[in-house]
Each structure stands twice: as structure tokens, then as C-alpha cells.
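Summary of the model geometry
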Amino acid sequence: MRRIAPLAALALAVVAVPVVIAQNAPTVPGAPDKTRVAAGTYAADAGHTMVVWEVDHFGFSKYTGIFGDVTGTLVIDPANPAASKVDVTIPVAKVTTASSGLTGHLLRAGKDGGKPDFFGAAPADAKFVSTSVVLDDEGDEAKVTGNLTLNGVTKPVTLDVDFHGAGTNPYNKKATIGFEAEGKIRRSDFGIAYGIPAVSDEVELEIHAAFEKQ
């Protein structure tokens, strides 16, 4: 009988451990919960928003690079999400790749004052301004069409956008919302034809964007 009490206490302790751990476990601030989205104007979180681009290199491999430090605004109303507006600016001059040589080539001036192979030494910022938002039946995916200005050329582009999550940033206490998007462009449409077809004309875009309520 004396051994039963210690054994029972041990059993209770074992059962209680997961409960204590669960109570003390850290939580993720954001969640894919549309009810967390507050209406208003949001500013792009430049430190956590990026445009990843990918091209095919010689048919041997895929190669990716990143545009970061994205700025701009998102206007959204959960009661009328189709009326959402996004206007963002992408600093092309801050393009990043895994190769310093390639990054230098992307930003190299044209030879003898001629046209550069890619963006040139002082490229203008790229800009995307939405013109329409069409949501799916669930309301968490959308086709966002807008005008992309790149290398001095403006063309319509459609992005497939997924709602990633919303909540409050614990560091600055701002309501935050995040999205993921995918799309494709042809770089030749924007006057960047160097190396085609060895380096693909088609560029795949993968966008990770966070916006903070103002």
C-alpha cells in the first residue's frame, strides 16, 4: 500500500508534464485566420518582403536571385477584399545573387555607352500597381492583376496570391498581414534579351510579402 501512493504521484506527474509544456510553449504570432485581418492601409515590411526570381541556365540548372527592401502600401477591407489595392516599389539596384560576378554583370553599364546587357549601372526602381483582385470561393486565394514597370517598360502581369497569415507583431505591436504570390514574366517584354535562349526568356517570380498596419 505504501508503494501505491508514490507510483500514483509519479503517474500524475508524467501526465502533467505535457500540459505544463503546452502552457509554456511559445506561440506563433500570425495564423491563416481571415478574421484577424483589420481593414485599413498597410505599409510593406521592407525587411521581410522579397521578390525571388528564377531563370533556367543553359538547360542545366535553375538560378535564382532576390530583390529586397520592397516598399509600398496595401489597402484592404475584409468586408470587400476584391477592392484591395497594392502599390509597391522594388529597388532593382539592390538585386542580390549568390555570385558577385553575376550581380556585377546585372548592374554593369553598357560597353562604350551602349545598351547594358541587363539593368545597367543606375537602374530605375521597378513598380507594381494592382488593377484588379479576383478571389476564389474560399476567399484566401486571389488572382491579382496589375501593371509592372521594369526597365522603363510597363506591362500587365497577373499573380496567383495566397493569404499566408495575420496577427500582431510582438516587437512593434503592429497588426501584420502576409501573403505569398507566384507569377511569370518574359524578360524580353521588358527589353532584357541578353543570353536568350541559353538563359531562359521566361522568369518565374515567387513573392513573400508582409505588410504592417499604419
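Everything here concerns the structure above.
Another point: the pattern of salt bridges. For the structure on display, the rule yields 7 salt bridges. With a closest N to O distance of 3.9 Å, Arg-186 and Asp-201 form a salt bridge. A residue pair is termed long-range when its members are at least 10 positions apart, and Arg-186 in strand S10 (residues 175–186) and Asp-201 in the loop between S10 and strand S11 (202–213) qualify at 15 residues. Through salt bridges with shared partners, a single ionic network connects Glu-54, Lys-62 and Glu-204.

The two faces of the sheet receive side chains in turn, since in a regular strand these alternate between them. Bridging between strand S3 (residues 50–57) and S11 involves 5 bridges; their strand directions are antiparallel. By the bridge assignment for S11, Trp-53 is matched with Leu-205. Here 7 bridges tie S3 to strand S4 (residues 61–67), and the two strands are oriented antiparallel to one another. In the strand pairing of S4, Val-51 is matched with Phe-67. The antiparallel hairpin formed by S3 and S4 contains 3 residues in its connecting segment, where Phe-58 sits at a positive phi of about 65 degrees.

Moving on, we come to unusual backbone geometry. As a rule of thumb, non-glycine residues mostly have phi less than zero, and peptide bonds are mostly trans rather than cis. Here the residue pair Ile-196 and Pro-197 is connected by a cis peptide bond, since its omega of 5 degrees sits within 30 degrees of zero. Topologically, Pro-197 is positioned in the loop between S10 and S11. Positive phi is not limited to glycine here, since Phe-58 has a value of about 65 degrees. Structurally, Phe-58 is set in the loop between S3 and S4. Under the relative-accessibility criterion, Phe-58 is labelled partly exposed at 47%.

Note on placement: Glu-212 falls in strand S11. The charged side chain of Glu-212 is buried without a salt bridge, its nearest counter-charge being Lys-174 at 4.2 Å.

Turning next to the environment of Ala-31. Secondary-structure assignment places Ala-31 in strand S1 (residues 30–31). In this structure the C-alpha to C-alpha distance between Ala-31 and Gly-165, which are 134 residues apart in sequence, comes to 4.5 Å.

All right, on to the packing of aromatic side chains then. Going through the model one piece at a time under the given rule, you end up with 4 aromatic pairs. Residues Phe-67 and Phe-119 carry aromatic rings whose centres are separated by 6.1 Å and whose planes lie at 65 degrees to one another, so their mutual orientation is edge-to-face. Of this pair, Phe-67 sits in strand S4 while Phe-119 sits in the loop between helix H2 (100–106) and strand S7 (126–135), placing them 52 residues apart in sequence. A relative accessible area of 10% places Phe-67 in the buried class.

Parameters at a glance
Residues numbered from 1 in each chain as written. Predicted model: local features only at pLDDT ≥ 70, side-chain atom pairs only at ≥ 80, totals over all residues. Heavy atoms only, no water. Salt bridge = Lys/Arg side-chain N within 4 Å of Asp/Glu carboxyl O. Helix = DSSP H or I, 4+ residues; strand = E, 2+ residues; numbered from the N terminus. Pairing = 2+ DSSP bridges. Buried < 20%, exposed > 50% of the residue type's maximum accessible area, 1.4 Å probe, protein only. Lys, Arg positive; Asp, Glu negative; His and termini not counted. Phe/Tyr/Trp six-rings, centres within 6.5 Å; stacked < 30°, edge-to-face > 60°.

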